[in-house]
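Residue-level structure breakdown
The chain contents come next:
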Amino acid sequence: MFKALVVEKDEEGKTSAAVQELSLDQLPDGDVTVAVEYSTVNYKDGLCIGPGGGLVRNYPHVPGIDMAGTVEASDDPRYKAGDKVVLTGWRVGEAYWGGYTQKARVKADWLVPLPASLDTRQAMAVGTAGFTAMLAVMALEDHGIKDAPVLVTGAAGGVGSVATAILANLGHQVAAVTGRPETADYLRSLGATQIVPREEINAITRRPLEAEAWGGCVDAVGGEMLARVLGQMKYGASVSAVGLAGGAGMPASVIPFLLRGVNLLGIDSVMQPYDNRVRAWDRIAKDLPMDKLEAMIQPATLSDLPELGSGILQGQVKGRVVVDVNA
Ligand code: NDP
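The text that follows walks through the structure, step by step, so that each part is easy to find.

**With respect to the site of the ligand**
In the vicinity of the ligand lie 26 residues, with T178, G179, R180, I267 and S269 positioned nearest. In this structure, R180 approaches the ligand through a side-chain N or O atom, which is 2.6 Å from an oxygen atom. Within the backbone of I267, a nitrogen or oxygen atom sits 2.7 Å from a nitrogen atom of the ligand. The protein chains hide 87% of the 910 Å² of surface that the ligand would expose on its own. Going through the elements one at a time, α2 (120–143), α3 (158–169) and β9 (174–178) are the ones with two or more residues in the shell around the ligand. Of the residues belonging to the shell around the ligand, the class tally is 14 nonpolar, nine polar and three charged.

**Comments concerning the pattern of salt bridges**
Counted by the stated rule, this structure contains 13 salt bridges. K44 is paired through a salt bridge with E94; the nearest N and O atoms lie 3.1 Å apart. Separated by 50 residues along the polypeptide, K44 in helix α1 (residues 43–49) and E94 in the loop between β5 (84–88) and β6 (103–106) bring together distant segments of the chain. Residue class for E94 comes out buried when judged on its relative accessible area of 8%. What you see here is one network of salt bridges that share partners, running through E141, R283, K286 and D287.

Calculation criteria
Residues numbered from 1 in each chain as written. Predicted model: local features only at pLDDT ≥ 70, side-chain atom pairs only at ≥ 80, totals over all residues. Heavy atoms only, no water. Near = heavy atom within 4 Å. Polar contact = N/O pair within 3.5 Å; in protein donor to acceptor, adjacent residues only side chain to side chain. Areas by Shrake-Rupley, 256 points an atom, 1.4 Å probe, with all protein chains shown as cover. Helix = DSSP H or I, 4+ residues; strand = E, 2+ residues; numbered from the N terminus. Nonpolar A, V, L, I, M, F, W, Y, C, P; charged D, E, K, R; others polar. Salt bridge = Lys/Arg side-chain N within 4 Å of Asp/Glu carboxyl O. Buried < 20%, exposed > 50% of the residue type's maximum accessible area, 1.4 Å probe, protein only.

Listed below in structure tokens is the structure:
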């Protein structure tokens, strides 16, 4: 028997999440059985744990969009018992059972071998949010980062914290946008050189173009914030659009694209091909300082998850929540 957080739906359509004991024969089909060690809390997890079930496709469901652990059994020649693995994406935790469990059975294609220099806890301190932050930075690099500070929005959150630390470590000046002034010291400790209050971006006049201020941007917020940021980019600079914590609608003008050649780059971590995932994890191992990663971690257990799920939806989580599923 093992423990997992299970979300169920009753006959009236009401969902509830609780830690349950399951047996191995209740696991779904798959090529690889993983003894899970850590998972994390991402924005999507908040939706899946919370009332209504968010993105959950079928019940009962085990949420958790990422996991890291050790292979226990494998029908796939690429993995053998004892291998350390990490999984993000592929709609795990939404359409398929996810990482809030001590045992998981998954498709071998979804896994990536853990880089030798990372342990499973560090891998999940990075998790889906940090993996996505790395993809966002790589996309900016592919299009060229201009000579000006790089803006990170939603900076105190998971994607924002990791993006700030990576960009600073790569030698960029990082302007961290936050709605929580009390996180300024934390953001500076990750390497931010400038703290920009959220209202300052949103309050700038609604002209389609403002002064050219930023050499690139990792945007975890979307909505009004993204619309305003587009008009503040340097000529030819790029914005990696990662998230919608501030809303899905984007009241933007085409002018920044036409008159400043701004690039809007969509970042999707879910369906990344194997080679890209390996490349991003290798870059994380190389370019993300582990002491800064450590400063982002909030430890949690399976039974903490219902409360943490609602906290992340309200923008209250700082850094990365790492769930020790065996604690
Ligand atoms: P977090 O909740 O950890 O961080 C989001 C941050 O955004 C908050 O900490 C807050 O930062 C800011 N924020 C929250 N609400 C608002 C608001 N109403 N207006 C302005 N800013 C706000 O989430 P994650 O970092 O894990 O994820 C961020 C987004 O990225 C989510 O929308 C998530 O779904 C998406 N995402 C997308 C992925 C992809 O593949 N494209 C993968 C992973 C995540 P502060 O307090 O500093 O202002």
